[in-house]
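Residues per chain, in single letters:
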Amino acid sequence: MYKHILVPTDGSETAWRGVEEGLRLAKALGSKVTAVTATEPFPASGLALGAGWVPTQDDMDYYNTAHKQAAMDILQAVKASAQETGVDAAIVYVPYSRPSDAIVETAQQRGCDVIVIASHGRRGINKLLLGSQATEVLARARMPVLIVK
């Protein structure tokens, strides 16, 4: 059935439910897993720049280093859980990218045949304000997407 499962995560408790489901599915099917997480570029908004604040290279370097370390910690936790489950898992960190873009592109580049992603289940104004990575992935992915709630 599915030979290669992509499990995206942002390290949240909700995302972890998707990781666990992806690992269970991989174990049951004898599939391999790729875990992916992404960090967005340094948030230098027009409002901050208009107020006279201009980020320094040190600000951006600190941001990038801290986010890379956090991403690697998240991915190492997935890798450890996969090993405990007996599943072969690779990890991918995508810096400077919107999460939904990184998820869809990684799935395509790595030849994944299904994406298992958790959803916060936001509705109404919260969905409008906070967006939904799962919805964006579902709309753009060329392979099946399993949404875990």
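Before reading further, recall that the structure is shown in the block above.
Residues numbered from 1 in each chain as written. Predicted model: local features only at pLDDT ≥ 70, side-chain atom pairs only at ≥ 80, totals over all residues. Heavy atoms only, no water.

Chemist: An account of the overall build of the protein is needed here, citing residue identities and associated values.
Modeler: A count of helical and extended segments in the protein gives six helices and five strands. Counting contacts in the protein only where the partners sit at least 6 residues apart, residues at least 24 apart contribute 74% of the total. Entry remark: accessible area of the protein is about 8,500 Å², with carbon and sulfur atoms responsible for 53%. (Helix = DSSP H or I, 4+ residues; strand = E, 2+ residues; numbered from the N terminus. Contact = heavy atoms within 4.5 Å. Areas by Shrake-Rupley, 256 points an atom, 1.4 Å probe, with all protein chains shown as cover.)

Chemist: Before we move on, could you go through the side chain of Ser 100 and cite the residues and values that matter?
Modeler: When you line up the elements, Ser 100 lands in helix α4 (residues 99-110). Residue Ser 100 is classed as buried on the basis of its relative accessible area, which comes to 0%. Reaching out from Ser 100, the side chain makes a polar contact with the side chain of Glu 136 at a distance of 2.7 Å. Every residue in contact with Ser 100, bar those within four places of it in the chain, is listed here: Gln 133, Glu 136, Val 137 and Arg 140. (Buried < 20%, exposed > 50% of the residue type's maximum accessible area, 1.4 Å probe, protein only. Polar contact = N/O pair within 3.5 Å; in protein donor to acceptor, adjacent residues only side chain to side chain.)

Chemist: Lay out the packing of aromatic side chains with the relevant residues and their values.
Modeler: Considering all chains together, one arrives at one aromatic pair under this definition. A centroid spacing of 5.1 Å and a plane angle of 80° characterise the contact between Phe 42 and Tyr 63, whose relative ring orientation is edge-to-face. Linking Phe 42 in the loop between β2 (32-38) and α2 (46-50) with Tyr 63 in helix α3 (residues 57-85), this pair joins segments that are 21 residues apart in sequence. The pair formed by Phe 42 and Tyr 63 is uniform in burial state, with each residue classed as buried. (Phe/Tyr/Trp six-rings, centres within 6.5 Å; stacked < 30°, edge-to-face > 60°.)

Chemist: Could you give an account of the sheet that holds strand β4 (residues 114-118), with specific residues and numbers?
Modeler: With parallel pairing, the five strands of this open sheet are ordered in space as β3-β2-β1-β4-β5. With partners counted over all chains shown, the strands left at the sheet margins are β3 (89-94) and β5 (145-148), one partner each. Here the average twist between neighbouring strands, direction ignored, is 20°. One ladder, built from four bridges, connects β4 with β5; its direction is parallel. Within β5, the residue paired with Ile 117 across the bridge is Ile 147. (Pairing = 2+ DSSP bridges. Axes fitted to C-alpha atoms, helices over the stretch in contact; angles between N-to-C directions.)

By themselves, these are just geometric observations and shouldn't be taken as functional.
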